[in-house]
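Structural description and commentary
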Amino acid sequence: MVSNTTSGNVCPATMKSTSNGVFQGDNPLDYALPLAILQICIVLLVTRGLAFLLKPLRQPRVIAEIIGGILLGPSALGRNKSYLHAVFPPKSLPVLDTLANLGLIFFLFLAGIELDPKSLRKTGGRVLAIAVAGISLPFALGVGSSFVLQATVAKGVNTSAFLVFMGVALSITAFPVLARILAELKLLTTSVGRMAMSAAAINDVAAWILLALAVALSGNSQSPFVPLWVFSCGCVFVLCSILVALPIFKWMAKQCHEGEPVDELYICATLAAVLAAGFVTDAIGIHAMFGAFVFGILVPKDGPFAGALVEKIEDLVSGLLLPLYFVSSGLKTNIATIQGLQSWGLLVFVTFTACFGKIVGTIIASLLCKVPFNEALVLGFLMNSKGLVELIVLNIGKDRKVLNDQTFAIMVLMALITTFMTTPLVMSAYKRKARKSDYKYRTIERETAESQLRILACFHGSRNIPSVINLIETSRGIQKHDALRVYAMHLKEFSERSSSILMVQKARENGLPFSNDSHHGDSVHVTVAFEAYHKLSQVRVRPMVAISSMANIHEDICATADRKKAAVIILPFHKQQRLDGSLDIIRNDFRYVNKRVLEHAPCSVGIFVDRGLGGSCHVSASNVSYCITVLFFGGVDDREALAYGARMAEHPGIRLVVIRFLVEPNIVGEITRVDVGESSSTNSNSGDGEFLDEFKLKTASDNSVSYVEKTVKDAAETVATIREVNCCNLFLVGIRPTGELACALERSECPELGPVGGLLASQDFPTTASVLVMQQYRNGMPTNFGPETEEHSHDVGTESG
């Protein structure tokens with residue numbers, strides 16, 4: 001049987017790069033380039049398909065990639081020899097391994113960028129003790145279990161190297177995998193998440209040092225001084241890198257300024273330096289990835305330089321090259337070698353030993369450091385995740401012939417099991433304390449109009465900031481201290497990309513994955529802009545960053561609004577104005593985020609269709625001169641819009657126009673009715689009359705407020721009337737107005753805006769005014785936007801509670 005690894009004694013025949021094509025009698029699968037392309041396509045198809053299937057289980061993508069590698073190897077599909085020798089023939093494996101290791105080099109470089117030495121130096125004694133205990137006990141148990149394996153399935157291996165490899169394999173915690181599990185479970189900046197991240201970072205560094213020692217011990221030389229020379233040269237390399245490469249990286253980082261593109265020369269020079277570092281460490285006898293990892297740690301984390309490096313290479317590496325490493329590992333994994341009761345018993349033994357060492361060691365250290373038992377248990381489960389880092393260790397051991405086929409297969413399955421079990425165990429063990437939300441001001445419409453208004457204003461990026469600040473300025477209301485408090489939330493997507501880990505590194509304690517002060521990317525401009533506005537206006541604005549997946553970021557928005565006792569959530573529309581004035585879709589994901597917030601919000605919600613309110617910069621209070629129009633048809637949402645408009649009218653620079661639409665008496669009932677889900681329009685209409693009477697009474701002496709009643713006979717006349725007042729700066733409307741007129745308007749393509757809001761936001765309506773569409777909080781009543789919303793709910797995955 002021909003081995004399908006590169007470690008065999010028989011050298012396979014070399015392959016030419018490209019073929020002459022099938023029409024000239026060549027089989028593309030006999031040539032390196034077309035075969036590599038086919039292999040990459042198959043790998044991506046299988047791994048991405050598995051990731052999609054495992055998404056409801058909230059498993060990190062690394063699980064799908066490990067399983068995909070095993071399925072493509074001799075354990076499953078590889079049992080068909082014709083498939084194995086056609087798609088993954090032995091002669092193609094050197095090319096596949098080279099591409100996989102090239103991806104591994106740059107992945108370790110990204111992993112080094114994710115680790116911030118400054119944060120490690122700030123680690124407290126408690127986290128350090130937990131990290132040390134989480135390494136020491138499993139390392140000791142790994143060394144002990146190596147004697148059991150040596151006596152059974154691992155006879156004749158290099159004893160010293162095998163002891164260290166087993167100790168490292170059982171003591172590793174995969175920092176990137178752990179970060180993504182924490183993000184998925186929304187534990188990133190809880191006390192448990194912060195301790196786990198810090199302890200995993202320390203564990204990561206210690207594991208690489210131990211692995212370097214294991215590699216040094218696994219050489220073929222019989223001289224005991226060779227491993228010492230290898231390890232010593234590795235230490236010298238690290239020292240030289242700090243003395244030479246670190247100042248150069250710092251100089252490059254200083255040349256890169258916020259808001260400006262990073263010079264391509266610096267990117268190319270850094271990537272070349274990473275490859276050179278890999279060459280040096282490989283020549284020393286450690287592994288090329290160690291040099292890349294060291295250089296990644298040395299790259300300064302402040303400023304745009306690190307972010308630009310990650311942005312340039314993360315998609316190519318994580319999305320294309322790295323899955324090849326899992327397949328390369330899977331081709332070396334043959335589960336069929338685990339035969340008999342003894343082998344399967346050893347798998348159970350190794351898995352139990354790995355879990356016991358990590359979980360018990362972490363729990364004991366945590367309890368000694370006064371961590372509550374529940375948090376200590378969760379911490380133990382989190383530190384037990386393995387993932388890619390484990391595979392790297394195992395593959396090096398396999399290539400160095402420290403691990404044989406059977407031991408390698410046992411260890412790969414152990415890594416898969418321990419990583420897979422992390423998420424469900426944490427979900428079952430971690431119990432969030434139920435919060436009792438008893439605040440009463442969940443709407444803008446309220447009896448005490450002078451009470452403090454709390455707003456959670458969300459935005460997508462720095463381009464939205466001027467309009468958001470100008471909207472906040474109009475909401476100041478009466479000129480008294482502390483009348484308005486604003487929480488400005490920057491919505492950021494957390495994904496499998498390395499740049500997401502950089503975002504996480506900047507997150508500070510705020511109860512959920514949020515940050516008050518951010519120093520990455522355009523968040524610097526966010527913080528500066530809101531701090532400047534706070535100093536000028538004395539309005540309390542607290543900037544935040546929400547870091548979560550698009551599928552459940554609405555949970556963070558709603559939870560924060562509840563925790564901060566917000567009366568209204570302002571959401572950005574999923575379309576953004578272009579230079580020609582038209583609205584262009586940013587991402588459809590944002591639209592479904594808005595719909596879920598409307599359904600689950602603990603307070604009123606407004607969707608802000610931004611057409612450049614106040615221009616491209618912040619308008620100072622003394623220069624504010626806006627005309628705001630409220631289109632009132634009836635219903636609680638329209639009352640909420642008018643209540644917001646009334647508060648805005650208290651600003652000296654605001655002129656408020658309220659237009660109430662009435663139906664001509666002789667045609668009432670002739671307009672086609674459309675059911676919009678209102679339980680009772682009668683109660684709504686009676687409430688409208690009282691609310692409007694009170695509003696007119698309060699604003700009777702205010703010259704800045706105009707109230708007009710328009711009597712129209714049909715939808716066309718209603719639209720014509722709205723067109724006559726389209727020269728204002730901002731429209732305020734309700735999402736679900738009541739009455740025959742509003743219901744007779746044509747249904748828009750955006751049900752979440754309602755009939756009137758959809759009309760004002762459509763491309764056919766000629767206006768430069770922004771639109772704020774309001775939904776009043778209904779004490780937990782569900783919101784339904786019709787069949788279109790329900791139909792899409794199956795496309796975006798299962799929501800979690």
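For the structure itself, look to the data block above.
Let us look at the structure shown here. Being a predicted model, the structure only gives us computed values, none of them experimental.

The helix and strand inventory of the protein chain stands at 28 helices and twelve strands. Evaluated residue by residue, the protein chain yields a buried proportion of 56% over its 801 residues. Accessible area of the protein chain: about 33,800 Å², with a carbon and sulfur share of 59%.

With that settled, the discussion passes to the packing of aromatic side chains. The full count for this structure, using the stated rule, is eight aromatic pairs. Pairing F352 with F356 gives two aromatic rings, centres 5.7 Å apart and planes at 25°, and the pair type is stacked. With F352 and F356 both in helix α14 (residues 340-368) and four residues apart, this pair spans about one turn of that helix. F352 sits in the exposed class, given a relative accessible area of 54%. One aromatic cluster is present, formed by W208, F290 and F293 through successive ring pairs.

Next up on the list: unusual backbone geometry. What is expected of a backbone is that most residues other than glycine have negative phi and most peptide bonds are trans. Even without a glycine there, the phi angle at R58 is positive, about 60°. Looking at the element boundaries, R58 is found in the loop between α1 (32-54) and α2 (61-72). Residue class for R58 comes out buried when judged on its relative accessible area of 15%. At K401, a position not held by glycine, the phi torsion is positive, near 60°.

Before going further, it helps to spend a moment on a nonpolar patch on the surface. Residues L239, L243, V244 and I248 make up a contiguous nonpolar surface patch of about 390 Å² in total accessible area. The residue I248 is located in helix α10 (residues 225-255) in this model. According to the relative accessible area criterion, I248 is partly exposed, its value standing at 42%.

Considering all chains together, one arrives at eleven salt bridges under this definition. Between D637 and R736 there is a salt bridge whose closest N-O contact spans 3.6 Å. Placement of D637 in helix α23 (residues 636-648) and of R736 in the loop between β11 (730-734) and α26 (740-744) is noted, with a sequence separation of 99 residues between them. A salt bridge links R660 to E709, with the nearest nitrogen and oxygen atoms 3.8 Å apart. Separated by 49 residues along the polypeptide, R660 in strand β9 (residues 654-663) and E709 in strand β10 (residues 705-712) bring together distant segments of the chain. Residue classification places E709 among the partly exposed residues on the basis of a relative accessible area of 39%. The structure contains a network of salt bridges with shared partners spanning E445, R639 and D688.

Along the chain, T474 turns up in helix α18 (residues 465-474). In this view, T474 contacts Y626, M648, H651 and I654; residues no more than four positions away in its chain are not counted.

Turning our attention to a positive patch on the surface. Taken together, the side chains of R121, K122, K250 and K254 present a region of like positive charge at the surface. One can find R121 in helix α5 (residues 117-121). The exposure class assigned to R121 is exposed, which follows from its relative accessible area of 64%.

It is worth spelling out the packing of α2 against helix α17 (residues 405-429) at this point. For the pair α2 and α17, interaxial distance at closest approach is 10 Å and the crossing angle is 150°. With respect to α17, the element α2 is oriented roughly antiparallel. Our pair here, α2 against α17, has a crossing hand that is left-handed. Between α2 and α17, the contacting residues are V62, I63, I66, I67 and I70 on the first element and V412, L416, T419 and F420 on the second. A breakdown of the residues in the contact of α2 with α17 according to their chemical character gives eight nonpolar, one polar and no charged.

This next bit is on empty space enclosed by the protein. In this structure the tally under the stated criterion is six cavities of 30 Å³ or more. Of the voids in this model, the second largest cavity is the one considered here, and its volume is about 90 Å³. Forming the walls of the second largest cavity are H460, N464, V468, P572, F573, K575, Q576, I586, F608 and D610.

All right, on to the sheet that holds strand β12 (residues 770-775) then. One key point about sheets: their strands pair by backbone hydrogen bonds, in either a parallel or an antiparallel sense. Strand order in the open sheet made by the ten strands is β3-β2-β1-β4-β7-β12-β11-β8-β9-β10, with mixed pairing throughout. With partners counted over all chains shown, the strands left at the sheet margins are β3 (540-548) and β10, one partner each. Looking at each pair of strands side by side, their axes are set apart by 20° on average, direction ignored. Pairing geometry for β9 and β10, over eight bridges, is parallel. Residue pairing across strands places R660 opposite E709, the latter belonging to β10. Contacts from helix α25 (residues 715-724) reach β8 (626-632), β9 and β10, with the element oriented near 155° to β10. Across the sheet, helix α27 (residues 754-761) is in contact with β7 (604-609), β8, β11 and β12; its angle to β11 comes to roughly 155°.

Each regular strand displays side chains that alternate between the two surfaces of the sheet. Burial runs high along strand β1 (residues 453-459): seven of the seven residues are buried. By the alternation rule, side chains of β1 split into L453, I455, A457 and F459 and R454, L456 and C458, which are all buried. Sheet analysis places β1 next to strand β2 (residues 484-493), joined by seven bridges and oriented parallel. The residue bridging R454 from the neighbouring strand is R485, located in β2.

Another point: the nonpolar core. If you look at the biggest cluster of nonpolar residues, it comprises 147 residues, and the most contacted ones within it are L211 and F305. Here this core takes 15 residues from helix α9 (residues 191-217), the largest share from any one element. If near-sequence neighbours (up to four positions away) are discounted, F305 is found in contact with F249, M252, A253, C256, V262, Y266, T270 and V299. Judged by nonpolar contacts, the second largest core, of 54 residues, contains M544, C627, F731 and V733.

With that settled, consider the environment of V177. Along the polypeptide, V177 turns up in helix α8 (residues 175-184). Distance from V177 to L382, taken between C-alpha atoms, is 9.9 Å for residues 205 residues apart in sequence. Setting aside residues up to four positions removed in sequence, V177 forms contacts with P60, V62, K386, G387, L388 and T419.

With that out of the way, let us pick up the pairing of β7. Burial of β7 is extensive: six of the six residues sit out of reach of the surface. Sheet topology places strand β4 (residues 568-572) next to β7; five bridges connect them, and they run parallel. Each bridged residue has a counterpart across the sheet, and for P572 the counterpart in β7 is F608. Pairing between β7 and β12: five bridges, direction antiparallel. Of the residues in β12, the one forming a bridge with I607 is V773.

We now examine the packing of α9 against α10. Two elements in contact, α9 and α10, have axes separated by 8 Å at closest approach and are oriented at 145°. Regarding α9 and α10, the two cross each other, and that crossing is right-handed. Residue-level inspection shows I209, A212, L213, A216 and L217 of α9 in contact with α10, the latter providing P227, V230 and F231. Classifying every residue of the contact of α9 with α10 by side-chain character gives eight nonpolar, no polar and no charged.

Let us now look at the state of the cysteines. Structurally, a disulfide amounts to a covalent bond that connects the sulfur atoms of two cysteines. Taken as a whole, this structure holds zero disulfides when the rule is applied. Free of any disulfide, C235 has its nearest neighbouring cysteine sulfur in C233, separated by 9.2 Å. Unpaired in terms of disulfides, C458 finds its nearest cysteine sulfur in C558, a separation of 9.2 Å. Look at C458 and you get buried, because its relative accessible area is 3%.

The rules we used
- Residues numbered from 1 in each chain as written.
- Predicted model: local features only at pLDDT ≥ 70, side-chain atom pairs only at ≥ 80, totals over all residues.
- Heavy atoms only, no water.
- Helix = DSSP H or I, 4+ residues; strand = E, 2+ residues; numbered from the N terminus.
- Buried < 20%, exposed > 50% of the residue type's maximum accessible area, 1.4 Å probe, protein only.
- Areas by Shrake-Rupley, 256 points an atom, 1.4 Å probe, with all protein chains shown as cover.
- Phe/Tyr/Trp six-rings, centres within 6.5 Å; stacked < 30°, edge-to-face > 60°.
- Patch = residues over 30% accessible without salt bridge, like charges linked within 9 Å, V, L, I, M, F, W, Y side chains within 5 Å.
- Salt bridge = Lys/Arg side-chain N within 4 Å of Asp/Glu carboxyl O.
- Contact = heavy atoms within 4.5 Å.
- Lys, Arg positive; Asp, Glu negative; His and termini not counted.
- Charge placed at Lys NZ, Arg CZ, Asp CG, Glu CD.
- Axes fitted to C-alpha atoms, helices over the stretch in contact; angles between N-to-C directions.
- Parallel < 35°, antiparallel > 145°, perpendicular 65-115°, else oblique.
- Left-handed = near helix turned anticlockwise from the far one by under 90°.
- Nonpolar A, V, L, I, M, F, W, Y, C, P; charged D, E, K, R; others polar.
- 1 Å grid on protein atoms, 1.4 Å probe; cavity = no way out; pocket = protein on both sides within 12 Å on 5 of 7 lines; lining within 4 Å.
- Points joined across faces, edges and corners; volume = space filled by probe spheres on them.
- Pairing = 2+ DSSP bridges.
- Core = buried A, V, L, I, M, F, W, Y, C linked by side-chain atoms within 4.5 Å.
- Disulfide = S-S within 2.5 Å.

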